[in-house]
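# Results of the structural survey
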Amino acid sequence: MQLTLIFLASLTLLSTFLLAPTPSHASPTPIQIAAPLKRMTNAERLSRGLPPNAPVFKRLQPGQHQNQDRDAPTRVLAARASPSSVPPNRPVSLSGRIQVRTVEGNSVGYVRNWESGIFSTLPTDQLHVQFNTTASGKGPFDIIATNPNFPAPFYVGAKSGSLDFGRGNSNYASLSDVEKKPFGPGLSQSALWSLDPSTKQLIPHWVNSDHRTVRTQIGVDLRNNYLAFTGDVQAFNKANFWPISEVQFFLVPV
Ligand SMILES: *[C@@H]1O[C@H](CO)[C@@H](O)[C@H](O)[C@H]1NC(C)=O
């Protein structure tokens, strides 16, 4: 025990010295370690009447990324700037296609232009959709099909034979064209979507008969081109012959 502690302590000491930048003149102190040399921060530039650095806009360029991430003052300025330029309640209208991805992030196709929940990898029959939300992506909102090659209704939602979903419960709904319905319980639900504004993930939220929103997983049955919503993919697979694998929906540009 004591030996282990001594060993750990010496490791910590050793790594402190190894990680510390080589001092050019003065002896190393913790203050120097915490304050590596860098260019003028935006705050410093602004206080001198200089234009800010442009790192925020170069963020995606390879090689620049790491330095900018260490540039804490820049991040603080960027974080302050974004809420004022995009208030979370600002209404936004978004449109595109719905890409179906595995939970690992691999695309398996797009929601098809078809009245029931079928996905497709063909470029020709992808469903185009539109919805209105806020900059925060907060739901619930409806999604409407804008290029339907099927008769009304044109809302993209869920239809089920069961009112309630839950963990350990194999009940499910099909992705389907549905009538527009206010947020709430029912065998057919349209206002069940929210959006993650940073990843553009579209997340369904089934509402149980007690008016509570429950975790809603999307599953794809690859053999039958079938898309289902359920509270529990594993429970669904125990109860059904054709298994589904969990997938996620993402809005991508047309
Ligand atoms: C979004 O709002 C526009 C303008 O009010 C409307 O035409 C459109 O149908 C709305 N979309 C949905 C999905 O409700």
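Residues numbered from 1 in each chain as written. Predicted model: local features only at pLDDT ≥ 70, side-chain atom pairs only at ≥ 80, totals over all residues. Heavy atoms only, no water.

Moving on, we get to the overall build of the protein. Looking only at helices and strands, the protein has 7 helices and 15 strands in total. For the protein, the residues scored as buried account for 35% of the 254 residues in total. For the protein, restricting intrachain contacts to residue pairs at least 6 apart in sequence, the fraction spanning at least 24 positions comes to 54%. (Helix = DSSP H or I, 4+ residues; strand = E, 2+ residues; numbered from the N terminus. Buried < 20%, exposed > 50% of the residue type's maximum accessible area, 1.4 Å probe, protein only. Contact = heavy atoms within 4.5 Å.)

Its place among the elements puts Asp221 in strand E13 (residues 217–221). Filtering out sequence-adjacent residues up to four positions away, Asp221 remains in contact with Tyr226, Trp242, Pro243 and Ile244. In this structure the side chain of Asp221 is engaged in a polar contact, spanning 3.1 Å, whose partner is the backbone nitrogen of Arg223. (Polar contact = N/O pair within 3.5 Å; in protein donor to acceptor, adjacent residues only side chain to side chain.)

Below, the discussion takes up the site of the ligand. Near the ligand the following residues occur: Gln130, Phe131, Asn132, Asp142 and Ile144. Here a nitrogen atom of the ligand and a side-chain polar atom of Gln130 are 2.8 Å apart. Between an oxygen atom of the ligand and a side-chain N or O atom of Asn132, the distance comes to 2.4 Å. When isolated, the ligand has an accessible area of 360 Å², and the protein chains bury 48% of it. Split into classes, the residues belonging to the shell around the ligand amount to 2 nonpolar, 2 polar and 1 charged. (Near = heavy atom within 4 Å. Areas by Shrake-Rupley, 256 points an atom, 1.4 Å probe, with all protein chains shown as cover. Nonpolar A, V, L, I, M, F, W, Y, C, P; charged D, E, K, R; others polar.)

Turning our eyes to something else, we now look at empty space enclosed by the protein. Rolled over the atoms, a probe with the dimensions of a water molecule shows which regions are left empty. Using the criterion set out here, one finds 1 cavity of 30 Å³ or more in the structure. Estimated volume of the largest cavity: approximately 60 Å³. Around the largest cavity, the lining is made up of 14 residues, and of these Trp114, Leu127, Val156, Ser176 and Asp177 lie nearest the centre. Listing elements by their share of the lining of the largest cavity, those giving two or more residues are strand E6 (155–160) and strand E7 (172–178). Here the lining of the largest cavity gets 3 residues from one element, more than from any other, and that element is E7. (1 Å grid on protein atoms, 1.4 Å probe; cavity = no way out; pocket = protein on both sides within 12 Å on 5 of 7 lines; lining within 4 Å. Points joined across faces, edges and corners; volume = space filled by probe spheres on them.)

Time to look at the confidence of the model for the protein. Caution applies to low-pLDDT parts of the model: their predicted coordinates are not meant to be read in detail. The share of residues in the protein with pLDDT of 70 or more is 67%, and the mean pLDDT across the chain is 78. Across residues 50–81, where pLDDT falls below 50, the model places 34 contacts with residues more than four positions away in sequence or in other chains. (pLDDT = per-residue confidence, 0-100.)

Turning our eyes to something else, we now look at the nonpolar core. In this structure, Trp193, Leu202, Leu227 and Phe249 are the most contacted members of the largest nonpolar core, which totals 29 residues. Residue contributions to this core peak at 3 residues, all from strand E15 (residues 245–252). In this structure, Phe249 is in contact with Ile98, Gln99, Val100, Val111, Leu175, Trp193, Lys200, Gln201, Leu202, Ile218 and Leu227, ignoring residues within four places of it in sequence. (Core = buried A, V, L, I, M, F, W, Y, C linked by side-chain atoms within 4.5 Å.)

With 3 bridges joining them, strand E1 (residues 91–102) and strand E2 (residues 107–111) adopt antiparallel strand pairing. Residue pairing for E2: Val100 is matched across the bridge by Gly109. With antiparallel pairing between neighbouring strands as the criterion, E1 and E2 make up a hairpin whose turn holds 4 residues, including Gly105 at a positive phi of roughly 100 degrees. Of the pairings in the sheet, the one linking E2 to strand E3 (residues 119–120) comprises 2 bridges and is antiparallel in character. For Tyr110, the partnering residue across the bridge sits in E3 and is Ser120. (Pairing = 2+ DSSP bridges.)

Attention now moves to the side chain of Thr216. By the element assignment, Thr216 lies in the loop between strand E12 (213–214) and E13. Judged by its relative accessible area of 11%, Thr216 falls in the buried class. Looking at Thr216, its side chain comes within polar contact range of the main-chain oxygen of Val214, at 2.9 Å. Contacts of Thr216, omitting those with residues within four sequence positions, involve Phe165, Pro204, His205, Trp206, Phe229 and Thr230.

Let's shift gears to unusual backbone geometry. Pro140 follows Gly139 through a cis peptide bond whose omega is 0 degrees. Within the secondary structure, Pro140 sits in the loop between strand E4 (128–134) and strand E5 (143–145). Here the amide bond leading from Ala152 into Pro153 is cis, since omega sits at 10 degrees, within 30 degrees of zero. If you trace the backbone, Pro153 turns up in the loop between E5 and E6. Of note in this structure, Lys200 is not a glycine but carries a positive phi near 65 degrees. Relative to the helices and strands, Lys200 resides in the loop between strand E9 (193–196) and strand E10 (201–204).

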